[in-house]
Amino acid sequence: MSASSGHPAAASQVAAAPEVPAPVGLTGAVAPEGLEWTVRSLGMGLLIGALLAITNLYMGLKTGLWDSGSITAAVLGFSALAPYGRRRGVPYTPLENNLTQTTAAAVGATPASAGLLAAIPALTLLGSVVPGWGIAAWGLVLGAVGVLVASLLRRRLVEQEALPFPTGIATAELISTLHAATPSDEARDTRAGRGRTLVVSGVVAMAITWMRDARAWLPGMVALPGRVGGVPLESVMWGVGLSPMLLSVGMMTGLPLALSMLLGAALAWGVLASWLVGTGLVSGAGFEPLSSWLMWPGVGLMVGGAVASLAAQARDFLGAAKDLRSVGVSRGGLPRWSLGVAAVACVLAVVLGGVVFGLGVPSMLLALALLVPLCAVCARGAGQADVSPVGQVGNLTQVVFGGVRPGELAPNVAAGSVVAGAAAQTGVSLWSLKAGHLLGASASRQLAAQLVGVAVGAVVAVPAYLLLVNAYGVGTAVLPAPSAAQFRAVAEVSVRGLAGLPPYAGQAALVGFAVGALSTLAAKSRAARWLPSPVAMGIGFITPPYFAVTLCVGAGLAALARRWAPKTTDAHVPSLSSGALVGESLMGLIVAATAALSKSA
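Residues numbered from 1 in each chain as written. Predicted model: local features only at pLDDT ≥ 70, side-chain atom pairs only at ≥ 80, totals over all residues. Heavy atoms only, no water.

Focus on the overall build of the chain
Link 1 in the chain: Regarding its fold elements, the chain presents 23 helices and 4 strands.
Link 2 in the chain: Considering only residue pairs separated by 6 or more positions, the chain has 84% of its internal contacts joining residues 24 or more positions apart. (Helix = DSSP H or I, 4+ residues; strand = E, 2+ residues; numbered from the N terminus. Contact = heavy atoms within 4.5 Å.)

What follows is the structure in structure tokens.
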């Protein structure tokens, strides 16, 4: 689970996929006759997707992480509609479940495609105000372009090359298993238990969040005692957070990522924070004054890792060129009506770029010219390694525009959002299309469901974003928005260079860049298991340190549970963590809405 990857469990399930029972065929064969595009499958996908969008928005603004949600949507869709279908005598089919997860994933990715996790809050931090209608229209247009690029590349990557797209395989495997004709009693009990676990964890998470944020009966964190370098640990937010969401993120991502984030937090909020306060480079030991300096080495780590990762994917750039040439010959198998949608979306993108973000026609045409090949790179990364480098290609676009439009910060960020927004939907869409191909689904129906999902996602995500930001701010201890800090930092360096940074922050950013790049390159060797993730370390620099501590607690509890009861843990931890994520996100949004209403009253 990350800002550029799919479901965390996908990779571990790839090897087992060919052995899964497949009532509708896991080989891409045409499925037997059955329901697929129905009101219930589409409606359930939109409902689950709305929950995913809110969860991804809340989690992304807090931690920089978000999830494609395909597997979660498949489980929730089956749990809700399979019993209803049996009672009505109209079974909920695997193809309906696939359409549900396809729609939900498209809605859930909208916060990323609209720039709500990175570009839009980065513009806010730079002092630019973007109207809500403009954000919604921008997300709709870029999401539609990303979905169409995915469909354009489907034949080449999914059918001809048969790239694995691990999350897609895992989703198809899960759907086939859920819809097995004769499930065992144990399987039925497991399904029911997962549903109960999800509901109970969601209700508990909502209650804790309400007591913490609405009533202040619980603190945001339990502070650790003591000092580091003369600085009280409580003042720099060392502690354990009372956050079901952070615990669940730790459970889902695992100890390696959580420990990497803790290492980054220790270096930033332990070593560097005490040095900054002691030397007087930063006045005050609070989160906001320190974070304005610490974000630079943190972003350096993240960008260094991103550059090395893109360099390691050099073959993907060559492969993307071949993909586009192949598409130019075959038209990618798109239905005729989609070409009209693509033309309208591109025209609207050019208009919105100028009206909302100050990007003129030449700049938008350049951004759109970069969009297709860079989306193809993300598509190939999603297909081969289950990683879609969304943030990286967005930052690469920013660097290009730093030379094209020097001295302009807001247009630089907006240009990066063009590519990153479309690429977010491209990767997620191809995971869903891979699952559909294995299950024998209709690609054109999936495309239509994805476009509907993008439209609904824009309507859901933008008001939720505005409520959260109005209630909690952005770049604060509550919503640190790590991805936004990265976009902002890349824009400032691309436009102004290192001279405009705080004292010694430029040198620290360069050191972070070098460490991030070397760590990423070294991860290709046998030493990979011992090396920390530079991206996770960078997030540890930008977020309050109790985030990393809480993630480690969650990851540690999950690791201990797997050692004591591996079968039960594997069955229930995903449901437990998903319920906690949704519960805290929903209650956080409800509290924000209540605060907004009380202000306006």
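Brief notes about the packing of aromatic side chains
Link 1 in the chain: If you walk through the whole model with that rule in mind, you get 6 aromatic pairs.
Link 2 in the chain: Measuring from centroid to centroid gives 4.6 Å for Trp138 and Phe357, while their planes differ by 55°, and the two rings are tilted. A residue pair is termed long-range when its members are at least 10 positions apart, and Trp138 in helix H7 (residues 132-160) and Phe357 in helix H14 (residues 336-357) qualify at 219 residues.
Link 3 in the chain: The class for Phe357 is buried, based on a relative accessible area of 9%.
Link 4 in the chain: Between the aromatic rings of Trp275 and Trp293, the centroid separation amounts to 6.0 Å while the plane-to-plane angle is 70°, which identifies the pairing as edge-to-face. Pair noted here: Trp275 is in helix H11 (residues 255-279) and Trp293 is in helix H12 (residues 287-312), with a separation of 18 residues, a long-range link.
Link 5 in the chain: For Trp275, a relative accessible area of 37% puts it in the partly exposed group. (Phe/Tyr/Trp six-rings, centres within 6.5 Å; stacked < 30°, edge-to-face > 60°. Buried < 20%, exposed > 50% of the residue type's maximum accessible area, 1.4 Å probe, protein only.)

A closer look at the environment of Met44
Link 1 in the chain: Positionally, Met44 belongs in helix H2 (residues 39-63).
Link 2 in the chain: Judged by relative accessible area, which is 16%, Met44 ranks as buried.
Link 3 in the chain: Distance from Met44 to Thr100, taken between C-alpha atoms, is 6.2 Å for residues 56 residues apart in sequence.

A word on the packing of helix H3 (residues 70-88) against helix H8 (residues 166-178)
Link 1 in the chain: Between H3 and H8, the least distance of the axes is 9 Å, while the angle of their chain directions is 15°. On the basis of the axis angle, H3 is roughly parallel to H8. The two elements H3 and H8 meet at a crossing, and its hand is right-handed. Residue-level inspection shows Ser70, Ile71, Ala74, Val75 and Phe78 of H3 in contact with H8, the latter providing Thr167, Ala170, Thr171, Leu174, Ile175 and Leu178.
Link 2 in the chain: Along the lines of polarity and charge, the residues of the contact of H3 with H8 split into 8 nonpolar, 3 polar and no charged. (Axes fitted to C-alpha atoms, helices over the stretch in contact; angles between N-to-C directions. Parallel < 35°, antiparallel > 145°, perpendicular 65-115°, else oblique. Left-handed = near helix turned anticlockwise from the far one by under 90°. Nonpolar A, V, L, I, M, F, W, Y, C, P; charged D, E, K, R; others polar.)

Focus: the confidence of the model for the chain
Link 1 in the chain: Of the residues in the chain, 88% reach a pLDDT of 70 or more, and the chain-wide mean stands at 86.
Link 2 in the chain: Per-residue pLDDT stays below 50 along residues 2-25; that stretch engages in 61 contacts with residues further than four places along the chain or on separate chains.
Link 3 in the chain: Confidence drops under a pLDDT of 50 for residues 27-33, and excluding neighbours within four residues, the segment shows 10 contacts in the predicted structure. (pLDDT = per-residue confidence, 0-100.)

A closer look at the pattern of salt bridges
Link 1 in the chain: Overall, the coordinates contain 9 salt bridges when judged by the stated rule.
Link 2 in the chain: For Arg154, the salt bridge goes to Glu159, with nearest N and O atoms at 2.6 Å.
Link 3 in the chain: Judged by its relative accessible area of 36%, Glu159 is partly exposed.
Link 4 in the chain: The closest approach of N and O atoms between Arg156 and Glu161, which form a salt bridge, is 3.1 Å.
Link 5 in the chain: A cluster of three or more residues bridged by salt bridges with shared partners is formed by Arg156, Glu161 and Arg380. (Salt bridge = Lys/Arg side-chain N within 4 Å of Asp/Glu carboxyl O.)

Remarks on the environment of Val413
Link 1 in the chain: Here Val413 lies in helix H17 (residues 409-439).
Link 2 in the chain: Residues in contact with Val413, not counting those within four places in the same chain, are Ala119, Ala122, Leu123, Leu126, Gln398, Phe487 and Ala491.

Details of the nonpolar core
Link 1 in the chain: By size, the foremost hydrophobic cluster in this structure holds 134 residues, and its most contacted members are Leu116, Trp269, Phe357 and Leu371.
Link 2 in the chain: By residue number, the principal contributor to this core is H17, which donates 14 residues.
Link 3 in the chain: When sequence neighbours within four positions are dropped, the list of residues in contact with Leu371 reads Val145, Val149, Val418, Val419 and Ala422. (Core = buried A, V, L, I, M, F, W, Y, C linked by side-chain atoms within 4.5 Å.)

Looking at H2
Link 1 in the chain: The first and last C-alpha atoms of H2 sit 35 Å apart over 25 residues, in line with the 36 Å expected at 1.5 Å per residue.
Link 2 in the chain: Here H2 lies mainly inside the structure; 21 of its 25 residues are buried.
Link 3 in the chain: Positioned one or two residues after H2, Gly64 has a phi angle of 80°, which is positive. (Expected span 1.5 Å × (residues − 1).)

As for helix H16 (residues 390-404)
Link 1 in the chain: In a regular helix each residue adds 1.5 Å, so 15 residues correspond to 21 Å; H16 covers 21 Å between its end C-alpha atoms and thus fits that length.
Link 2 in the chain: Val390, Gln392, Val393, Gly394, Asn395, Thr397, Gln398, Phe401 and Gly402 are the residues of H16 that are buried.

Quick word on a nonpolar patch on the surface
Link 1 in the chain: Together, Trp133, Val347, Val351 and Val355 make up an exposed nonpolar region whose accessible area comes to about 420 Å².
Link 2 in the chain: Looking at which element gives the most residues to the nonpolar patch, the answer is H14, with 3 residues. (Patch = residues over 30% accessible without salt bridge, like charges linked within 9 Å, V, L, I, M, F, W, Y side chains within 5 Å. Areas by Shrake-Rupley, 256 points an atom, 1.4 Å probe, with all protein chains shown as cover.)

Let's talk about the packing of H7 against helix H18 (residues 443-472)
Link 1 in the chain: Remark: H7 packs on H18, axes separated minimally by 9 Å, with the N-to-C direction vectors making an angle of 155°. If you check the angle between H7 and H18, you find them roughly antiparallel. Seen from above, H7 lies across H18 with right-handed handedness. For the pair H7 and H18, the contacting residues are Gly132, Ile135, Ala136, Gly139, Leu140, Gly143, Ala144, Val147, Leu148, Ser151 and Arg154 in the first and Ala443, Leu447, Gln450, Leu451, Val454, Ala455, Ala458, Val462 and Leu466 in the second.
Link 2 in the chain: Classifying every residue of the contact of H7 with H18 by side-chain character gives 14 nonpolar, 5 polar and 1 charged.

Details of unusual backbone geometry
Link 1 in the chain: Unlike most non-glycine residues, Ala481 shows phi in positive territory, near 50°.
Link 2 in the chain: By the secondary structure assignment, Ala481 is in the loop between H18 and helix H19 (482-496).
Link 3 in the chain: Positive phi, normally seen in glycine, also occurs at Tyr504, with a value near 70°.
Link 4 in the chain: Structurally, Tyr504 can be placed in the loop between H19 and helix H20 (505-522).

Focus: the environment of Arg380
Link 1 in the chain: Tracing the chain through its elements places Arg380 in helix H15 (residues 361-385).
Link 2 in the chain: For the pair Arg380 and Gly427, spaced 47 residues apart in the sequence, the C-alpha separation amounts to 8.6 Å.
Link 3 in the chain: A distance of 2.8 Å separates the side chain of Arg380 from the side chain of Glu161, its partner in a polar contact. (Polar contact = N/O pair within 3.5 Å; in protein donor to acceptor, adjacent residues only side chain to side chain.)

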